[in-house]
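Residue-level listing of the chains:
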Amino acid sequence: MNSCPGRIEVPTPEETVALQSLRSIKERVRQLKSRMRSIGTSKNNRDGEELSTLKKELERLRSDWDQWETKRQKAARERMILLGHEDP
């Protein structure tokens, strides 16, 4: 027989960590894109190098985003199972 798991926090602590990480990534992406716009289409070689570095960091952040989004979805599914809204 299943028993009530008690009060479940919504979002769960795992979801909260994932959401905070996603917000942090989103803020960093905004900063990078702003910097990229300020560099613009500069012909300066140094700016070109910085632009390349910024693009690489954006790619890394996209990968991080995907990982945290997967963790968030997993935590949300676990919560829904605990609440009895989804089958295990």
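## Considerations on the packing of aromatic side chains
Using the criterion set out here, one finds zero aromatic pairs in the structure. A cation over an aromatic ring shows up here: Lys 71 above the ring of Trp 68, its NZ or CZ 4.4 Å from the ring centre.

## Here's the deal with helix α2 (residues 45–82)
Here α2 contains 38 residues, and its C-alpha end-to-end distance of 56 Å stays within 8% of the 56 Å for a straight helix at 1.5 Å per residue. Within α2, the full set of buried residues consists of Asp 47, Leu 51, Leu 54, Leu 58, Leu 61, Glu 69, Ala 75, Ala 76 and Arg 79. Looking at the buried positions of α2, the neighbouring elements they touch are α1 (13–39). Backbone geometry just downstream of α2 places Gly 84 in the positive-phi region, at approximately 85 degrees.

## Some thoughts on the pattern of salt bridges
All chains considered together, the criterion is met by nine salt bridges. A salt bridge links Glu 59 to Arg 62; its shortest N-O distance comes to 2.6 Å. On the criterion of helical spacing, the pair formed by Glu 59 and Arg 62 is a turn pair, its members being three residues apart in helix α2. Judged by relative accessible area, Arg 62 falls into the partly exposed class, the value being 44%. What you see here is one network of salt bridges that share partners, running through Arg 28, Glu 57, Arg 60 and Asp 64.

## Focus on the nonpolar core
Counting eight residues, the largest nonpolar core is built from Ile 25, Leu 32, Met 36, Ile 39, Leu 51, Leu 54, Leu 58 and Leu 61. Broken down by secondary-structure element, the contributors of at least two residues to this core are α1 and α2. Residues within four places of Leu 58 in sequence aside, it is in contact with Val 29, Leu 32 and Met 36.

## Overview of the environment of Pro 13
Along the chain, the position of Pro 13 falls in helix α1. Accessibility expressed as a relative area gives 46% for Pro 13, which makes it partly exposed. Counting along the chain gives 62 residues from Pro 13 to Ala 75, while the straight-line C-alpha distance between them is 8.8 Å.

What counts, and where the lines are drawn
Residues numbered from 1 in each chain as written. Predicted model: local features only at pLDDT ≥ 70, side-chain atom pairs only at ≥ 80, totals over all residues. Heavy atoms only, no water. Phe/Tyr/Trp six-rings, centres within 6.5 Å; stacked < 30°, edge-to-face > 60°. Lys NZ or Arg CZ within 6 Å of the ring centre and 35° of its normal. Helix = DSSP H or I, 4+ residues; strand = E, 2+ residues; numbered from the N terminus. Expected span 1.5 Å × (residues − 1). Buried < 20%, exposed > 50% of the residue type's maximum accessible area, 1.4 Å probe, protein only. Contact = heavy atoms within 4.5 Å. Salt bridge = Lys/Arg side-chain N within 4 Å of Asp/Glu carboxyl O. Core = buried A, V, L, I, M, F, W, Y, C linked by side-chain atoms within 4.5 Å.

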